[in-house]
Structure formats: C-alpha cells, structure tokens
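Inside the fold
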Amino acid sequence: MPGRPSLAGRSLLVSRPAGRMGGGGSALRVCADHRGGINWLSLSPDGQRLLTGSEDGTARLWSTADGQCCALLQGHESYVTFCQLEDEAAFTCSADHTIRKWDVRTGQCLQVFRGHTSIVNRILVANNQLFSSSYDRTARAWSVDGGQVSQEFRGHRNCVLTLAYSAPWDLPGAPCAEEVGGLLVTGSTDGTAKVWQVASGCCHQTLRGHTGAVLCLVLDTPSHTAFTGSTDTTIRAWDILSGEQLRVFREHQGSVICLELVNRHVYSGSADRTVKCWLADTGECVRTFAAHRHSVSALKYHAGTLFTGSGDARARAFDAQSGALQRVFRGHAFVINCIQVHEQVLYTASHDGALRLWDVRGLPCAPPPRPTAPARSRSRLFSNKVGCAAAPLQPA
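Residues numbered from 1 in each chain as written. Predicted model: local features only at pLDDT ≥ 70, side-chain atom pairs only at ≥ 80, totals over all residues. Heavy atoms only, no water.

**Focus on the overall build of the protein**
From N to C terminus, the protein includes one helix and 34 strands. Counting over 396 residues, the protein shows a buried share of 62%. Nonlocal contacts in the protein, meaning residues at least 24 apart in sequence, comprise 48% of its contacts between residues at least 6 apart. Accessible surface, the protein: about 14,800 Å² in total, of which carbon and sulfur atoms supply 47%. (Helix = DSSP H or I, 4+ residues; strand = E, 2+ residues; numbered from the N terminus. Buried < 20%, exposed > 50% of the residue type's maximum accessible area, 1.4 Å probe, protein only. Contact = heavy atoms within 4.5 Å. Areas by Shrake-Rupley, 256 points an atom, 1.4 Å probe, with all protein chains shown as cover.)

If you want it as structure tokens, here you go:
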C-alpha cells in the first residue's frame, strides 16, 4: 500500500478482552486489527458503530455493543486521513486525493469523489452536502448522493486543514441567509480562516490576525462565533458575519492543537502539555489541566469529565470543574489521535494501530459547566483538529 511508512510495523493481534476495570484504567478490550496507525475515530449518531481510518489505507467499522470489527472498508490507494460515520453511510478521505462513501451494512464502496489534486485532510457531512479540505489549497462541496462537485472554494494561499459549517437555519437575522446556502468556515496553514457562501462559492470574510497556521476550529452557530487555534499559541474568537476579531485568548506556550466548546466554555489542548478552560464570552482563562508529559492531541467533554489524549500515549480523565486528575489510561505505545465516549465507555485511537475500549464507570457524573449566557442549542457544532506527531515516550 503506497503512503507513509507505518509506525505499527508488526503483526497485530485480533480484538481481545483485557480484564476488569481497575483504578489505574485497564482496557476492557484492545482492537488491533489495523496494520498501521489510526488517524481518526468517528462515532455514529445512533451510537451503534465506530469507524476508524488508518495509515494502512483501510477503514474499519466496529460494533459498540461488543467491540468487534463488523466490516473492512478497502479501496483507498494511500493512507486514510479522516473519516465520518453517519447512521446509513460511512465517509473516508485519503492521501490518494479521493473521498469514498461506503454502505455501513455491507462494507461496499458506494461512491468515489474525485477532483482534489492533493491529500484530502478533512471531510464534513452536513445538510445533505459533503465538504472537504485539501493540501491543494481548496475546499469543495459535493453532492452526497451524486458525487459531483457542487462548489469550489479558492483563495487560501496554502493547504486547508479544518472545516466547520453553519446551515441557513442557524443564521437567524443574517441577511440573505437562505440565498447564500449557509456558511463554510475554513482554516489554513496560510494563517487565515475564511468564511464562504456555500451557494456561490464567494469568500464572505477573511479572518486575519493569527501569525501561524490555523490548526483547529470550532463554531458556535447561534452566536455566529468561530474559535480558531493556531501555531502562534493563541485562540481567537471571530464574528463570522462581520469578520470582526472579538477577542484573543493568550496563555498557552505552545501550538493550540485541539478545541472543544461546551456551554460557553472553550477547552484547548496544546503542545505546551496543558489543557486550558476559557470563558468564551470574555477570554478569561479559568482553569488549567496539567499532568501531560507531551502535547495534548485530543479532547472530549462528557458528563462533567474532560477526557484528553496525548503524545505521551496516555488518555486522562479530569474533573472539568475542579481540574483534578481522576484517572490515567495506560496501554498505547504512540500518540493518541482521537477519543470518543459512549455509554460509560471511552474509546481511544492511536498511531500504534490499536483501538482501545476503557470502562469509565465510577468517575463522578456532573452537569456541564453553568453557562455564562442563556443556553443555546449546539446541534450543529463541529470540531476539527490536527493531531501532533508521534514522539518517544517518557517514563511514567
């Protein structure tokens, strides 16, 4: 399989139970079918399946009921960079410049989306449209059913990394919201984010201020606010309708790799080995989560607990309100690229090629942080991040 050399580089074992849950965080199951690092992990909206995309050029579907692999998705000619799982279909993108749509029941490839001229970094399925970003400096919109490009978004001067979408109904009061077909927000290594009118492909706003690559992006659609994280160590908040920079979040000492937005609180994971919690409306840093031995590469908030994945190959659970470290999950050999939580099970996907399942019962279950403004729906909030590179482990 052409592509980057695998860091797994060994014959991997099939899924196996790994004992009962202990205070130190023993794995319930280790799913090691992939023969290369896992770059992304997606959970279906109904919670019944997981999708992993790997350096080995394949994707796999897993049952959340028993952790077994239920389908192998083969067809890409290079490594899979990202994936998204819907209830009826799975979507993958690859360094082979294509995107593929798969039947989740049979594993059959239903559609190949061709048009990008370089690595496809990210995909996003929303409002019956498929959006993609690429090293070819473009983002594109596609018909989910037909596979044709419906729009190209050109204007970035370097590769496009991250995507977020705001549907027309999420823009009440915005002029001509229906006519523009919603707004697509993209972040690039050229140091800018751009806001695009989906229907016309026109650039609505260019968000300038970062002095480094934009690595991650979350969108709060009710307030028309985008939060971007960058290699310049800052997070910035923007009004996507006016293009105004609203505030700058400054305290990290390294690149901001991943973001999570929960009830007007922004959580940021950084190469400085910390996670910080900020008030979205003021930019005030109210909490720092330490204890990581390398870059923080993944974040997931669930029921009062903040789960993190790190380049030190460990996942951690923190009390989101106090910042106290509650549990450390050890077992991976390389950076954890993605995490998901479903029904008291933590799923971690790593560059060591393994998907691990952890029992998180026993962790305190608390309500989310009290919002500092009236609660708003987050039904169309999307988060994208770029994982950090694998690094040698440090002693525990």
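From this point, things continue past the structure.
**Brief notes about the side chain of aspartate 352**
Structurally, aspartate 352 can be placed in the loop between strand S32 (345-350) and strand S33 (355-359). Buried and unpaired, aspartate 352 has no salt bridge, with arginine 356 as the nearest side chain of opposite charge at 4.9 Å. Within the structure, aspartate 352 has its side chain in polar contact with the backbone nitrogen of alanine 333 (distance 2.8 Å). At 2.9 Å, the side chain of aspartate 352 and the backbone nitrogen of alanine 354 are in polar contact. (Lys, Arg positive; Asp, Glu negative; His and termini not counted. Salt bridge = Lys/Arg side-chain N within 4 Å of Asp/Glu carboxyl O. Polar contact = N/O pair within 3.5 Å; in protein donor to acceptor, adjacent residues only side chain to side chain.)

**Notes on the sheet that holds strand S3 (residues 38-43)**
A sheet is described by the order of its strands in space; here four strands give the open sequence S3-S4-S5-S6, paired in antiparallel fashion. Here the strands that pair on one side only, and so sit at the sheet edges, are S3 and strand S6 (69-73). Along the sheet, successive strands turn relative to each other by an average axial angle of 20 degrees, direction set aside. Where strand S4 (residues 49-54) meets strand S5 (residues 59-63), five bridges bridge the pair, whose relative direction is antiparallel. Of the residues in S5, the one forming a bridge with leucine 51 is leucine 61. (Pairing = 2+ DSSP bridges. Axes fitted to C-alpha atoms, helices over the stretch in contact; angles between N-to-C directions.)

**Quick notes on the UniProt feature "repeat: WD" (unreviewed entry) in the protein**
Residues annotated in UniProt with the feature "repeat: WD" (unreviewed entry) correspond here to residues 31-72, 73-112, 113-152, 181-206, 207-248, 249-288 and 329-361. Secondary structure content for residues 73-112 is 0% helix and 55% strand, while the C-alpha to C-alpha distance between its ends is 13 Å. With 0% helix and 60% strand, residues 249-288 has its two end C-alpha atoms placed 13 Å apart. (UniProt positions renumbered as here; feature names shortened; annotations may be inferred.)

**Re the confidence of the model for the protein**
Averaged over every residue, the pLDDT of the protein is 88; the share at 70 or more is 84%. Contacts for the low-pLDDT stretch residues 371-396, under 50 throughout, to residues beyond four places or in other chains number 77 contacts. (pLDDT = per-residue confidence, 0-100.)

**A short note on unusual backbone geometry**
One non-glycine residue, alanine 303, lies in positive phi territory at about 50 degrees. Its place among the elements puts alanine 303 in the loop between strand S27 (296-302) and strand S28 (305-310). The phi torsion at glutamate 343 lies on the positive side, around 50 degrees, for a residue other than glycine. As for its placement among the helices and strands, glutamate 343 is situated in the loop between strand S31 (336-342) and S32.

**Topic: the environment of phenylalanine 153**
Following the sequence through the fold, phenylalanine 153 ends up in strand S14 (residues 149-154). Using a relative accessible area of 1% as the deciding quantity, one classes phenylalanine 153 as buried. Discounting chain neighbours no more than four positions away, the residues touching phenylalanine 153 are Arg137, Thr138, Ala139, Arg140, Ala141, Leu184, Trp196, Gln197, Val198 and Gly201.

**Here we look at the sheet that holds strand S25 (residues 275-279)**
What the four strands build is an open sheet, ordered S23-S24-S25-S26; its pairing is antiparallel. Strands at the two margins of the open sheet, each flanked by one partner only, are strand S23 (256-262) and strand S26 (285-289). Direction aside, neighbouring strands of the sheet carry axes that sit 20 degrees apart on average. Where S25 lies against S26, four bridges are found, and the strand directions are antiparallel. The residue bridging lysine 276 from the neighbouring strand is threonine 288, located in S26.

**Looking at the pairing of strand S8 (residues 89-94)**
With six of its six residues buried, S8 lies for the most part within the structure. Of the two faces of S8, both are covered, the one formed by Ala89, Phe91 and Cys93 as well as the one formed by Ala90, Thr92 and Ser94. Inspection of the sheet shows strand S7 (residues 80-85) paired to S8 by five bridges, in the antiparallel sense. The residue of S8 that forms the bridge with valine 80 is serine 94. Between S7 and S8, which pair antiparallel one after the other, the connecting turn spans three residues. Across five bridges, the pairing between S8 and strand S9 (residues 99-103) is antiparallel. Bridging across to S9, phenylalanine 91 finds its partner in lysine 101.

**Concerning the packing of aromatic side chains**
Applying the stated criterion across every chain, the model contains ten aromatic pairs. Pairing tyrosine 267 with phenylalanine 289 gives two aromatic rings, centres 6.2 Å apart and planes at 50 degrees, and the pair type is tilted. A residue pair is termed long-range when its members are at least 10 positions apart, and tyrosine 267 in strand S24 (residues 265-270) and phenylalanine 289 in strand S26 qualify at 22 residues. Considered together, tyrosine 267 and phenylalanine 289 belong to a single accessibility category, that of buried residues. These aromatic residues form a ring-pair network of at least three members: Tyr267, Phe289, Tyr301 and Phe318. (Phe/Tyr/Trp six-rings, centres within 6.5 Å; stacked < 30°, edge-to-face > 60°.)

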